[in-house]
Amino acid sequence: MTRQAMQLFKETESILLSSMSSFASGSPEEIERFWSAFVLYCVSRLGKGGRGKEDGGITLCQILRAFKLNIVDFFKEMPQFCIKVGYVLAGLYGSDWEKKLELKELQANVVHLSLLSRYYKRAYQELFLLNDAKPEENSLQPNAQQASDYYRFGWLLFLVLRIQTFSRFKDLVTSTNGLVSVLAILIVHIPVRLRNFNIKDSSNFAKKSDKGVNLIASLCEKYHTSEDELSKALEKTNTLIIDILRKNPCPAASECQQDSLSFIDPEGVTFFKNLLDEDSLKSSLLILEKEYDNAINTKGELDERMFANDDSLLGSGSLSGGAINLPGTKRKYDVMASPVKSITNPNPMSPPRFCASPTGNGYYNSKMAPITPVSTAMTTAKWLRSTISPLPSRPSGELLRFFLACDKDVTDDITRRAGIILGAIFTNSSFGERICASVRNTNRNDAIWTEQRKMEALKLYYRVLESMCRAESQILSGNNLTSLLSNERFHRCMIACSAELVLATHKTVTMMFPAVLEKTGITSFDLSKVIESFVRHEDTLPRELKRHLNSLEERLLESMAWEKGSSMYNSLIVARPVLSAEINRLGLLAEPMPSLDAIATHHNISLGGLPPLPFQKQERSPDNDEIRSPKRACTERRNVLVDSNSFRSPVKDTLKSKLLPPLQSAFASPTRPNPAAGGELCAETGIGVFLSKITKLAAIRIKGLCERLQLSQQILERVYSLVQQIISQQTALFFNRHIDQIILCSIYGVAKISQLALTFKEIIFGYRKQSQCKPQVFRSVYVHWASRSRNGKTGEEHVDIITFYNEVFIPTVKPLLVELGSDASPSKNEGKCAADAGPFPESPRLARFPNLPDMSPKKVSAAHNVYVSPLRSSKMDTLLSPSSKSYYACVGESTHAFQSPSKDLKVINNRLNSGKKVSGRLNFDVVSDLVVARSLSDQNGAPAAMADIATHTPVKCEQPDA
């Protein structure tokens, strides 16, 4: 291990010396600790030898303690290390080093354990006291210690259960079911004196019968679990207690039952005599500790006990946000952890709004039940269980009629394809080689889990496909949808979207986006063509899954569509032939889509010898890279990235044309003329729509960052104009890069030509506070030096954003900046880039900054963290009590007797602008900027009119002319 670590360290020493300012605080001692930890972690995961201690392996916790680091800082800096030394790791350990390293899986596991530990702590504090309420004769400390041992016993039992039973997938929903089963064990066995509830009167146990409280049903209602799944989890927990702790179960009706079972229906409940008695508790803790130690020693996993012990290894930072660079995690966690709106559909999907503790527990003093990522995941899983699972696993009669109405019956082709693609996604190999190799006794449980998820994805696919066919047939006034239903790429995108939603619902650790793209052979740009239609045609889709698709689309627009191998380039090279040389130089074109037979062979999938698809070969043609259609058959309000009003296509007025329906044109060949768009190629139409979405996303990001930097409206409009021109005239600047990198450079460039005292350091400092911030955006920018570059370098390299600005950005956009400066002040040319350049020829006059859709909740001031939002029916319950009502200012209803709403708003404005410190605190949850960006649409339709609150917003103004 030492030899391998020293070899990797020497191989990367030159990279370390050139990256001293890119890590942590920049001090040499701290950078050395980080770099050494990264090297040792990579060797422990990738090097020869076992992962267990007996094979010389080491755990991440040992590494962190040795180098005095914490988890948050480790995951914050590790991606930067991987970017810089990726080629070295590939040379030493193979091109699949990233897959074997399993860094993303470990990050997701850390996030899940952090969420589950908080969920467990909250539930435990609601149900039980943390110390003995009735100590005997000065024995407070021992009783308090025993009470905390109960807490530790529950967490240890859950961890062992998770390793023994759920080790392969460790999805959040299955883990939560296991955690609730542990709570059931604790309710039955912890002494009654430590309960924080009265079983007879508690509203927490509402399901009752003549025999008493139905414990399983009550817990299912409280924690949104399935009775069937919870019963299975409880059975596994009971089996673990019997096998590991060697406890014998007693029939609930036998003489061994104690007071803890009083008023509880004994059906489905197992009682273990003396399980949590003082002596037995200590021995059980030792046994569980030993069992867990053996498990992590052989598997080299993270020591998950620290999440219940407030270990210093966790660090003081948040596991959400930029601290963990897990794609999607930040956005999803921030959205779910914020006061999101409940789903107003009268189905069992709304999380509980009230949760009163009968004993007045201070931890649950608030009437508003917290909406956590775990509770949100459970309510979303409830939708999948109640709405999708009961559906048939075969196409419905109506869908079969569409299949039969094609030029030839496509039923066998579609069912065969679905079986192959879903079989490729939901296989054992999909969920991590290391995990699969380490666990052999849970194959049956894993196979059941895999089959259940596969069936859910299949049923969702058929359901949405039927709705889409129905809509397309109305546009065509006929049922013959041959061009759509025989399109291979369209079906793969639909199946991938369905599978992604199932995986996102269960929040699996190992199959995270973009894993489904790799399994199905499509690209993220392909998937973007069905996201909008998928959401539109599945009206029961929970809000969190819509947000998930929204976050995927945002990731696509900001960077994924610009990555090497994106099918977007196959369309762009047709729509913009002038860019073909640069696209080919960088090798950006996507590879042909693999055939179904190749996928089936690779994953050893057999489907009973169905014939191969007759159109499989033609789908491999380069001409079949599809372009998204700009036309829409629905004006339903959607998020800002796909809003029908936000992205107006130049062919919007041709919607009624019957020549080329939306989905069929989206998946047509790029070189095919689009009659509905005046004869332009489908590639031109699609790329035009795609770039308009990029422009809209850029506008949102520019506005947010300029407000945070307190820049004037004039500067904001100049930045937007520059980015708009870069998108249209210097599109190649986005190749292999992130949209935020272009925005940051544009803000600094505009500041320089506007003679504004704004440094790059200030811009980066403001960007760090933005919800979408990723440190590698400004630390690692892709460049491909041409042979004639002035610095003498050649080939690919990742540099910091200032180097990129000086060496690449300025030479490219200099003419645009000069023209922008001359338009702003015709008599001056003092900008940094004014020398040796004239105005860019024939540059079109640019439109003013666009009017972005009203956001809800809407931030009304750059200086104050104040938001306004229309009152929706889902929030009515929160305003029922006088104590809650006093926290809200509602347009149309006064907060004081006999006072008009206009006076209310004046009072609010005067209070905000007075500068005086408010003596009282309102019980508001902080709403992040990300929540604002995510809350752009509501499934109930267009939002109500918003009230504009006039506030004095301080701005950083330009220096006046001399």
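Above this note sits the structure.
Remember, predicted model here, so these are calculated numbers, not experimental data.

1. Brief notes about helix H28 (residues 682–708)
Here comes step 1: Its 27 residues place the ends of H28 39 Å apart at the C-alpha level, agreeing with the 39 Å of an ideal helix rising 1.5 Å per residue.
Here comes step 2: The element H28 is largely enclosed, with a buried count of 20 among its 27 residues.
Here comes step 3: Within two residues after H28, Gln710 carries a phi angle of roughly 60 degrees, on the positive side.

2. What about the side chain of Thr520?
Here comes step 1: One can find Thr520 in helix H21 (residues 515–520).
Here comes step 2: Owing to a relative accessible area of 0%, Thr520 belongs among the buried residues under this scheme.
Here comes step 3: If we ignore the near neighbours within four places in the chain, the residues touching Thr520 are Ile421, Ile425, Arg492, Ala496 and Ile599.

3. So, the pattern of salt bridges
Here comes step 1: Enumeration over the complete set of coordinates arrives at 33 salt bridges.
Here comes step 2: Notably, a salt bridge pairs Arg152 with Asp149, separated by 3.8 Å at the nearest N-O pair. Of this pair, Arg152 and Asp149 both sit in helix H7 (residues 140–165), 3 residues apart, roughly one helical turn.
Here comes step 3: On the accessibility criterion, Arg152 (32% relative accessible area) is partly exposed.
Here comes step 4: Glu488 serves as the salt-bridge partner of Arg492, at 2.7 Å between the closest nitrogen and oxygen. Note that Arg492 and Glu488 are positioned in helix H20 (residues 488–506) at a spacing of 4 residues, about one turn of the helix.

4. Some thoughts on the nonpolar core
Here comes step 1: In terms of nonpolar packing, the biggest core is built from 108 residues, with Met78, Phe153 and Trp155 touching the most fellow members.
Here comes step 2: Residue contributions to this core peak at 12 residues, all from helix H6 (residues 103–127).
Here comes step 3: Among all residues touching Met78, those that are not within four sequence positions of it are Phe38, Tyr41, Cys42, Leu101 and Leu103.
Here comes step 4: In this structure, Met568, Ala575, Ile753 and Val783 belong to the second largest nonpolar core, which totals 72 residues.

5. Some words on the pairing of strand E5 (residues 781–785)
Consecutive residues of a regular strand have side chains that alternate between opposite faces of the sheet.
Here comes step 1: In terms of burial, E5 is largely enclosed, as 4 of its 5 residues are buried.
Here comes step 2: In this sheet, strand E6 (residues 795–799) lies alongside E5 in antiparallel orientation, the contact comprising 5 bridges. Each bridged residue has a counterpart across the sheet, and for Val783 the counterpart in E6 is Glu797.

6. Brief notes about the environment of Leu756
Here comes step 1: Secondary-structure assignment places Leu756 in the loop between helix H30 (739–753) and helix H31 (760–768).
Here comes step 2: By relative accessible area, which is 10% here, Leu756 ends up buried.
Here comes step 3: Linking Leu756 and Ile715, residues 41 residues apart in sequence, is a C-alpha distance of 9.5 Å.

7. Details of the packing of H30 against H31
Here comes step 1: Closest axis-to-axis distance for the H30/H31 pair is 10 Å, and the angle between their directions is 140 degrees. By the angle between their axes, H30 is oblique relative to H31. As for the relative orientation of H30 and H31, their crossing is right-handed in sense. Across from Asp740, Leu744, Cys745, Ile747 and Tyr748 in H30, the residues of H31 making contact are Phe760, Ile763, Ile764 and Tyr767.

8. Thoughts on the packing of H20 against helix H23 (residues 543–558)
Here comes step 1: Relative orientation of the contacting elements H20 and H23 amounts to 120 degrees, with a least axis distance of 10 Å. Between H20 and H23 lies a crossing whose hand is right-handed. Here Cys497, Glu500, Leu501, Ala504 and Thr505 of H20 lie close against H23, whose contacting residues are Leu545, His548, Leu549 and Leu552.
Here comes step 2: Residue composition of the contact of H20 with H23, by class: 6 nonpolar, 2 polar and 1 charged.

9. So, the packing of aromatic side chains
Here comes step 1: Applying the stated criterion to the full structure yields 28 aromatic pairs.
Here comes step 2: Between Tyr124 and Tyr151, the aromatic rings sit 5.0 Å apart at their centres with planes inclined by 85 degrees, giving edge-to-face as the arrangement. Of this pair, Tyr124 sits in helix H6 while Tyr151 sits in helix H7, and the two are 27 residues apart along the sequence.
Here comes step 3: Residue Tyr151 is classed as buried on the basis of its relative accessible area, which comes to 13%.
Here comes step 4: When the centroid spacing of 5.4 Å and the interplanar angle of 90 degrees are considered together, the rings of Phe525 and Phe690 count as edge-to-face. Of the two residues, Phe525 sits in helix H22 (residues 524–536) while Phe690 sits in helix H28, which places them 165 residues apart along the sequence.
Here comes step 5: Its relative accessible area of 1% is what places Phe525 among the buried residues.
Here comes step 6: Ring-pair connections join several aromatic residues into one group, and the members of that group are Tyr120, Tyr124, Phe128, Tyr151, Trp155, Phe158, Phe197 and Phe205.
Here comes step 7: Between the NZ or CZ atom of Lys529 and the centre of the ring of Phe667, over which it lies, the distance is 5.6 Å.

10. Some words on H22
Here comes step 1: Given a rise of 1.5 Å per residue, 13 residues ought to cover 18 Å, and the 19 Å separating the end C-alpha atoms of H22 matches this to within 8%.
Here comes step 2: Considering bend angle alone, the principal kink of H22 is centred on Val530 and spans about 30 degrees.
Here comes step 3: A large share of H22 lies buried, amounting to 13 of its 13 residues.

Rules and cut-offs
- Residues numbered from 1 in each chain as written.
- Predicted model: local features only at pLDDT ≥ 70, side-chain atom pairs only at ≥ 80, totals over all residues.
- Heavy atoms only, no water.
- Helix = DSSP H or I, 4+ residues; strand = E, 2+ residues; numbered from the N terminus.
- Expected span 1.5 Å × (residues − 1).
- Buried < 20%, exposed > 50% of the residue type's maximum accessible area, 1.4 Å probe, protein only.
- Contact = heavy atoms within 4.5 Å.
- Salt bridge = Lys/Arg side-chain N within 4 Å of Asp/Glu carboxyl O.
- Core = buried A, V, L, I, M, F, W, Y, C linked by side-chain atoms within 4.5 Å.
- Pairing = 2+ DSSP bridges.
- Axes fitted to C-alpha atoms, helices over the stretch in contact; angles between N-to-C directions.
- Parallel < 35°, antiparallel > 145°, perpendicular 65-115°, else oblique.
- Left-handed = near helix turned anticlockwise from the far one by under 90°.
- Nonpolar A, V, L, I, M, F, W, Y, C, P; charged D, E, K, R; others polar.
- Phe/Tyr/Trp six-rings, centres within 6.5 Å; stacked < 30°, edge-to-face > 60°.
- Lys NZ or Arg CZ within 6 Å of the ring centre and 35° of its normal.
- Bend = angle between axes of the 7 residues up to and from the residue.

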